[in-house]
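Summary of structural features
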Amino acid sequence: MFCIESIKARAPGPVVLEGFVHALRRQGRIAFIVLRSRLDVVQCVAMGPHVPAIVAGISAESCVRVRGTSKLQAQAPHGVEVVVESLEVLAAAASLPIDERTEASHKARYPAARLRQPRELLPLLASAQLESGMRAWLGARGFVEIHTPKIMAAPSESGAEVFGLGYFGQTAYLAQSPQFYKQMAIVGGMERVFEIGPVFRAEPSFTGRHATEFTSVDVELQGERCAAELAALEHEMLVHAFEGLASALGPHLARHYPSALEPPGALHVMTHAQACDRLGLPEGTALGWAHERALGESAAAQGAAFCAIVGVPWSQRPFYHRRLPAAVHLTDSFELLYRGMEITTGAMREHRHARLLAQLAEKGLSGAGAEGYLESFQWGAPPHGGFGLGLARLVALHLGLPSIREASFLHRTPKSIVP
Ligand code: AMO
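What comes next concerns the included structure. Fair warning: this is a prediction, and the values are worked out from it, not measured in the lab.

A closer look at the environment of glutamate 85
Considering the arrangement of structural elements, one finds glutamate 85 in strand β5 (residues 80-91). It is 9.9 Å that separates the C-alpha atoms of glutamate 85 and proline 14, two residues lying 71 residues apart in sequence. Here threonine 69 takes part through its side chain, which lies 2.8 Å from a polar atom of the side chain of glutamate 85.

So, the side chain of threonine 212
With respect to the helices and strands, threonine 212 occurs in the loop between β10 (192-200) and β11 (213-222). For threonine 212, a relative accessible area of 8% translates into the label buried. Discounting residues that sit within four places of it in the chain, threonine 212 has contacts with Phe163, Val199, Phe200, Arg201, Glu203, Arg412, Thr413 and Pro414.

Quick word on the packing of helix α7 (residues 227-256) against helix α12 (residues 391-399)
Orientation of α7 relative to α12, taken along the N-to-C sense of each, is 55°, at an axis distance of 13 Å. Comparing their axes, α12 and α7 come out oblique. You can see that α7 and α12 cross each other, and the crossing is right-handed. Seen from α7, the contacting residues are Leu238, Phe242, Leu245 and Leu253; seen from α12, they are Leu394, His398 and Leu399.

Topic: the pairing of strand β18 (residues 384-390)
The element β18 is largely enclosed, with a buried count of six among its seven residues. Pairing between β11 and β18: seven bridges, direction antiparallel. Considered in β18, the bridge of valine 217 is made with leucine 389. Taken together, the five bridges between strand β17 (residues 341-348) and β18 define a ladder with antiparallel strand orientation. Directly across from glycine 346, in β18, lies its bridge partner phenylalanine 387.

Section: the sheet that holds strand β13 (residues 306-310)
Taken together, the eight strands give an open sheet; going across it, the order is β6-β10-β11-β18-β17-β16-β13-β12, and neighbouring strands pair in mixed fashion. Edge positions in the sheet fall to β6 (144-145) and β12 (268-271), since each has one partner strand and no second. The strands touched by helix α8 (residues 272-279) are β12 and β13; relative to β12, the strand with the most contacts, the crossing angle is about 90°.

Comments concerning the nonpolar core
In terms of nonpolar packing, the biggest core is built from 52 residues, with Met134, Leu238, Ile343 and Leu394 touching the most fellow members. Ranked by residue count, the leading element in this core is α7, at eleven residues. When sequence neighbours within four positions are dropped, the list of residues in contact with isoleucine 343 reads Leu238, Phe306, Leu336, Tyr338, Gly388, Leu389, Gly390, Arg393, Leu394 and Leu397.

Quick look at the environment of lysine 150
Here lysine 150 is to be found in the loop between β6 and β7 (151-152). Lysine 150 sits in the buried class, given a relative accessible area of 18%. In this structure, the C-alpha to C-alpha distance between lysine 150 and leucine 174, residues 24 residues apart in sequence, is 5.6 Å. Residues in contact with lysine 150, not counting those within four places in the same chain, are Tyr173, Leu174, Ala175, Pro178, Glu195, Pro198 and Phe200. Here the side chain of lysine 150 touches threonine 148 through a polar contact of 3.2 Å, landing on its backbone oxygen.

Procedures and definitions
- Residues numbered from 1 in each chain as written.
- Predicted model: local features only at pLDDT ≥ 70, side-chain atom pairs only at ≥ 80, totals over all residues.
- Heavy atoms only, no water.
- Helix = DSSP H or I, 4+ residues; strand = E, 2+ residues; numbered from the N terminus.
- Polar contact = N/O pair within 3.5 Å; in protein donor to acceptor, adjacent residues only side chain to side chain.
- Buried < 20%, exposed > 50% of the residue type's maximum accessible area, 1.4 Å probe, protein only.
- Contact = heavy atoms within 4.5 Å.
- Axes fitted to C-alpha atoms, helices over the stretch in contact; angles between N-to-C directions.
- Parallel < 35°, antiparallel > 145°, perpendicular 65-115°, else oblique.
- Left-handed = near helix turned anticlockwise from the far one by under 90°.
- Pairing = 2+ DSSP bridges.
- Core = buried A, V, L, I, M, F, W, Y, C linked by side-chain atoms within 4.5 Å.

Right under this line is the structure:
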């Protein structure tokens, strides 16, 4: 692994570099070998009678080790090049089965080959950077990272979208979210927790917004606040993560995904009723993707990439969301749209045991398998709330990718579970 800035900072001097052959060009007794490490490339120059021996048998994308001397060279890309003394082929590459022009679904079949293209690798590096930016922001505010089981005795969200699996003679379920567990951590006194981990949804959807397995950023915290305050907290976290991303990968993003460098602006907040009004819909209408896009456009017209919709009807929310005391047909919950697409659902939770059970019954649910979650509320659950954010959606929207597949290393859909 190498970094072009550190080669440049230490030039002139001896270097040993390992990387992939990004490009190879021969001009008589001179050969230019462009070496790549992640997104960085450096030009290596081999000269003299040993050139044929050095370049013999090197194919594009082979993994090689170059020993040589770096020197500042104004004409070279990034102003530095390496004069090659020896080159060792560590692993010769057969020609890649895909290139930049290959159709995205076919590219997805070859993840290792796909990532050799910097434009395909960059979203994954951006995703990791956003993740660490969020982690740092949360850690600095006293949030504790937890890891909760992904095998559960009951569905954690809607029963319809859950994968069941055989589990020693009984049925278990893959976690649709760490919802119950993150709340139980709060009831247990952890005060502020988060988890960044896999969740599973048995949704037979083939859109660019859905996967059957994805990474969810789940946050939960103790304290009396309202949904708009939770949305503001998430907005602050995301702005921080965007800034960290821009400073880590700014020049690469500017080249490939310039939309990632556009400032998101202030958070735009509206009630669900106002959203319906703005769209000319009857109050209480369930909002779909086209509605979200239209709301995103109207927020963008006011300079806001983020739009929070608060006060979502109870009929559209899960049993654990707290209702608004002055309007019990509404919940103290929010959806966060980014550039016109939902990336988050969040809410204040119903923390009063009797009311939680009443809401469960009102939704026609038995709570079977979720007894541990439900009973914990008997022991004095503090007011709390939180949210769940789909990481791939965030990355796709931030970079302007056509779908979450391009924001994922290995994308899972109802029809794709290989490789
Ligand atoms: P929800 O079910 O809305 O809320 O999910 C939260 C966020 O996860 C993302 N998401 C998806 N991403 C890719 N593929 C999918 N199939 C998919 N489904 C959802 C979206 C969505 O906004 N427990 C609550 C969160 C909470 O209240 O804390 C929950 O999971 O970006």
